[in-house]
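Below are the chains, spelled out letter by letter.
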Amino acid sequence: KKNIMKKHIDEIIEFLTAQLDGEQPPPLGSKALARLSEAVGTIQQKATGTELQMLGLRALGVVIDRVRSGIGAAEALRAFIRGDGHV
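For clarity, every value in this text was computed on a predicted model and none was experimentally measured. (Residues numbered from 1 in each chain as written. Predicted model: local features only at pLDDT ≥ 70, side-chain atom pairs only at ≥ 80, totals over all residues. Heavy atoms only, no water.)

> When you look at the nonpolar core in this model, what are you seeing that I'm missing?
Inside soluble globular proteins, nonpolar side chains tend to come together where they are buried. Of all hydrophobic cores here, the largest spans 11 residues; its members are Met5, Ile9, Ile12, Ile13, Leu36, Ala39, Ile43, Ala47, Leu55, Ala59 and Val62. At the level of secondary structure, the elements contributing two or more residues to this core comprise α1 (2–20), α2 (31–46) and α3 (49–82). Of all the elements, α1 adds the most residues to this core, at 4 residues. (Core = buried A, V, L, I, M, F, W, Y, C linked by side-chain atoms within 4.5 Å. Buried < 20%, exposed > 50% of the residue type's maximum accessible area, 1.4 Å probe, protein only. Helix = DSSP H or I, 4+ residues; strand = E, 2+ residues; numbered from the N terminus.)

Listed below in structure tokens is the structure:
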């Protein structure tokens with residue numbers, strides 16, 4: 001059960017990461033969408049509190065990473081515009 005839940009959590013995190021990176025969602029009827037739907041359904045029906053906590057923490061981690069990346073890119077752009085050459 002643990003490996004199955006980890007697989008489903010990984011599937012959801014991969015989807016969230018792709019969406020935050022600007023990728024298109026899986027097309028209707030695709031295998032990717034079927035895997036995501038299965039993952040979400042299984043998590044909703046069978047996940048323990050610990051597994052839900054792991055999903056939540058990993059999802060938050062993805063968002064924090066993207067925010068940090070965005071802040072770093074914005075700082076680099078401002079430095080480039082100013083001509084500082086320092087990031």
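> Sorry, what's going on with the pattern of salt bridges here?
Any two side chains of opposite charge can pair, given that their charged atoms come close. Scanning the entire structure with this criterion turns up 4 salt bridges. Note that aspartate 10 is salt-bridged to lysine 6, the shortest N-O span being 2.9 Å. With aspartate 10 and lysine 6 both in helix α1 and 4 residues apart, the pair spans about one turn of that helix. A residue is classified by how much of its surface remains accessible, and aspartate 10, at 19% relative accessible area, is buried. Between arginine 35 and glutamate 11 there is a salt bridge, and its shortest N-O distance comes to 3.6 Å. Pair noted here: arginine 35 is in helix α2 and glutamate 11 is in helix α1, with a separation of 24 residues, a long-range link. Within this structure, Lys6, Asp10 and Arg58 form a network of salt bridges that share partners. (Salt bridge = Lys/Arg side-chain N within 4 Å of Asp/Glu carboxyl O.)

> Before we go on, may I ask you to explain the side chain of glutamate 11 in this structure?
For glutamate 11, a relative accessible area of 18% gives the class buried. Residues contacting glutamate 11, with those up to four places away along its chain left out, are Ala32, Arg35, Leu36 and Ala39. (Contact = heavy atoms within 4.5 Å.)

> Would you explain the environment of leucine 52 in this entry?
Structurally, leucine 52 can be placed in helix α3. When the C-alpha positions of leucine 52 and methionine 5 are compared, they lie 9.8 Å apart, and in sequence the two are 47 residues distant.

> Explanation requested: the packing of α1 against α2 in the structure shown.
Helix packing geometry: the angle between the two helix axes and the distance between the axes. Following both chains from N to C, one finds α1 and α2 inclined at 125°, their axes separated by 9 Å at the closest point. It follows from the interaxial angle that α1 and α2 lie oblique. Along this stretch, α1 crosses α2, giving a crossing that reads as left-handed. On the side of α1, the interface is formed by Met5, His8, Ile9, Glu11, Ile12 and Phe15, while α2 contributes Ala32, Arg35, Leu36, Glu38, Ala39, Val40, Thr42, Ile43 and Lys46. In the contact of α1 with α2, the residues fall into 9 nonpolar, 2 polar and 4 charged. (Axes fitted to C-alpha atoms, helices over the stretch in contact; angles between N-to-C directions. Parallel < 35°, antiparallel > 145°, perpendicular 65-115°, else oblique. Left-handed = near helix turned anticlockwise from the far one by under 90°. Nonpolar A, V, L, I, M, F, W, Y, C, P; charged D, E, K, R; others polar.)

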